[in-house]
Amino acid sequence: MEKFDAFVRAPEQLVVVSCAGRTRGIIGAQSLIDAQVPNRVVALKGGTQGWRLAGLALESGVVPIAPVPDIAAARARAEAVRTRFGLPLVDATTLARWRGAEAGARTTFLFDLRDAADRTALPVPGAVAAPGGQLVQSLDKWVGVQHARIVLIDADGVRARLTAHWLIQLGEDVHVFDGKPDDIAGGVEAAKAAIPAAPRVSPQEAADLLKDGARALSLDASAAYRASHAVGALWTIRPRLAALPADVLAAPALVLFAADPGVADIAALDLSGLTAARIAVVEGGLAAWRAAGLPVEASPANPPDSERIDYLFWAHDRHDGNPDAMRTYLGWEEQLPGQVAAEGGAGFRLVV
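Being a predicted model, the structure only gives us computed values, none of them experimental. In this convention, every chain numbers its residues from 1, walking through the sequence in written order. Whole-chain, interface and lining totals are the exception, using all residues; otherwise, since this is a predicted model, local features are given only for residues with pLDDT of at least 70 and side-chain atom pairs are given and counted only at 80 or more. Processing note: side-chain calculations cover all non-hydrogen atoms of the structure and skip hydrogens and water entirely.

1. A word on the overall build of the protein
Using the following cut-off: Secondary structure elements follow DSSP: runs of H or I of four or more residues count as helices, runs of E of two or more count as strands, with numbering from the N terminus. Residue contacts follow a heavy-atom distance rule, with two residues in contact if any of their heavy atoms lie within 4.5 Å. The method behind every accessible area is Shrake-Rupley, applied with a 1.4 Å probe, and residues are considered shielded solely by the protein chains displayed. A positive count includes Lys and Arg, and a negative count includes Asp and Glu. His and the chain ends are not counted in either. The location of each charge is read from NZ of Lys, CZ of Arg, CG of Asp or CD of Glu.
Check the secondary structure of the protein and you find 15 helices and 14 strands. Each of the three principal axes of the protein carries a C-alpha extent, and together these read 70 × 55 × 45 Å. Look at the contacts in the protein between residues 6 or more apart in sequence, and 75% of them connect residues 24 or more apart. When the accessible area of the protein is evaluated, it comes to approximately 18,800 Å², of which 56% is carbon and sulfur surface. Here the protein contributes 34 positive and 40 negative side-chain charges, whose respective centroids are spaced 3 Å apart.

2. Comments concerning the pattern of salt bridges
Spelled out, the test is: Salt bridges are defined by distance alone: a side-chain nitrogen of Lys or Arg within 4 Å of a carboxyl oxygen of Asp or Glu. Each residue's exposure class comes from its accessible area (1.4 Å probe, protein chains only) as a fraction of the maximum for that residue type: buried when under 20%, exposed when over 50%, partly exposed otherwise.
Applying the stated criterion across every chain yields a total of 15 salt bridges. Residue Arg22 is joined to Glu333 by a salt bridge in which the shortest nitrogen-to-oxygen separation is 3.6 Å. Taken together, the residues Arg22 in the loop between strand S1 (15-17) and helix H2 (23-34) and Glu333 in helix H15 (residues 323-343) connect sequence positions 311 residues apart. A relative accessible area of 22% means that Arg22 is categorised as partly exposed. Each of the salt bridges in this network shares a partner with another, and the network as a whole consists of Glu2, Asp115 and Arg159.

3. Quick look at the side chain of Asp154
For the record, the criterion: Here a polar contact is recorded for every N or O atom pair within 3.5 Å, except that within protein the pair must consist of a potential hydrogen donor and a potential acceptor, and residues adjacent in sequence are included only if both atoms are side-chain atoms.
Along the chain, the position of Asp154 falls in the loop between strand S6 (149-153) and helix H9 (159-167). The buried charged residue Asp154 lacks any salt bridge partner; its closest oppositely charged side chain belongs to Arg161, at an N-O distance of 5.4 Å. A polar contact of 3.4 Å, which involves the side chain of Asp154, links it to the backbone nitrogen of Asp156. Within polar-contact distance, the side chain of Asp154 engages the backbone nitrogen of Val158 at 3.0 Å. The residues contacting Asp154, other than those within four sequence positions of it, are Leu113, Arg114, Arg159, Ala160 and Pro181.

4. Description of the sheet that holds strand S11 (residues 234-235)
Applicable threshold: When DSSP locates at least two bridges between a pair of strands, those strands are taken to pair.
Read across the open sheet, the 5 strands follow the order S8-S13-S12-S9-S11; overall the sheet is parallel. Each of the sheet's edge strands pairs with one partner strand only, and the pair in question is strand S8 (200-201) and S11. As defined by bridge partners, strand S12 (residues 253-257) adjoins strand S13 (residues 278-282) across 4 bridges and the pair is classed as parallel. Looking across to S13, one finds that Val255 is bridged to Ala280.

5. Things to note about the sheet that holds strand S4 (residues 108-112)
Formally: Only the contacting stretch of a helix is used when fitting its axis, a line to C-alpha atoms as for every element, and angles between N-to-C directions run 0 to 180 degrees.
Read from one edge of the open sheet, 5 strands run S3-S7-S6-S4-S5, paired in parallel fashion. Looking at strand neighbours, the two that pair on one side only are strand S3 (89-90) and strand S5 (128-129), the edges of this open sheet. Judged from the 5 bridges that link them, S4 and S6 form a sheet pairing that is parallel. Looking across to S6, one finds that Asp112 is bridged to Ile153. Across the sheet, H9 lies against S3, S6 and strand S7 (173-177), angled at about 155° from S6, the strand it touches most.

6. Details of the confidence of the model for the protein
Heads up, the condition is: The predictor's confidence in any single residue is recorded as pLDDT, a number from 0 to 100.
With 97% of its residues at a pLDDT of 70 or more, the protein shows a mean pLDDT of 91. Note on residues 187-193: pLDDT is under 50 here. Beyond four places in sequence and across chains, it has 7 contacts.

7. Remarks on unusual backbone geometry
In the segment running from Asn302 into Pro303, the intervening peptide bond is cis, with an omega of 5°. With a phi close to 60°, Gln36 is a non-glycine residue in the positive phi region. By secondary structure assignment, the location of Gln36 is in the loop between H2 and strand S2 (41-43). Take Gln36: its relative accessible area is 60%, and that puts it in the exposed class.

Below, the structure is given as structure tokens:
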């Protein structure tokens, strides 16, 4: 939305929104329509998969560079969306109370929709980085508590409003932060306090422990593990820690690799009840291990498909050029609204 006026210069231009399949393309197109841009806006049927099925070629590696966006116009449209959809604002004082004195009564999720550079330059304590589009499409991956509050912050007042207008239609209690990121006080991270941070070791310290008989465990996604992991590291996930081989649990130390340090901290907590081994998390995970020049290996067939419960195999090769998988996936998506309506209980309240 911020860059719409930078890309689209004339109201008579047709705007076609696409994604790899169809969901984000539809969400993007409808967001522009909800924002009442002057142009005719449509979604490309089937996205890039539909394009390929039609026998048309795709470009790759092309990144169009837009001029400086007209933020003022984008903000005005976003605020009009907020008003129309009844999106509540929350100020810094109220947010601090929700995350502080009232944190034990109700869960509040705070999501930061800014670009990585903005988050790095001015981090917001306790906020979770989340792309707005993915938050809408995969809310269950980000919010694990029903009836929780959701608060969105951004850099310019546009992304939070557009994202929130979808979440409120999904039945969520969503609020847009009324202020700037630096208005949010630090030191309020009650939700993280319950999970103690496991001891950290550098990649070289981990390598020294492995030489002395320690064992390495990778908690990364199975696809990432297959592509690359520390030499000798075993792949596992939290539900299967108790099923680790006895000789692994009997090792003098266990070093954990995880792209998400929070996952490693929780796994370390689980392991503390299963073994007397010293448990440590490799600071920086596999990326730091590789940067230190330490050995990695690939295992294209390990873990076997039968153990990869973190990977969706259904029509998984639709983006690899399998036309049957593309048709299967697109057919499933097209019938999904009817299936949701038949099952009921979705809680949607679409604003028309």
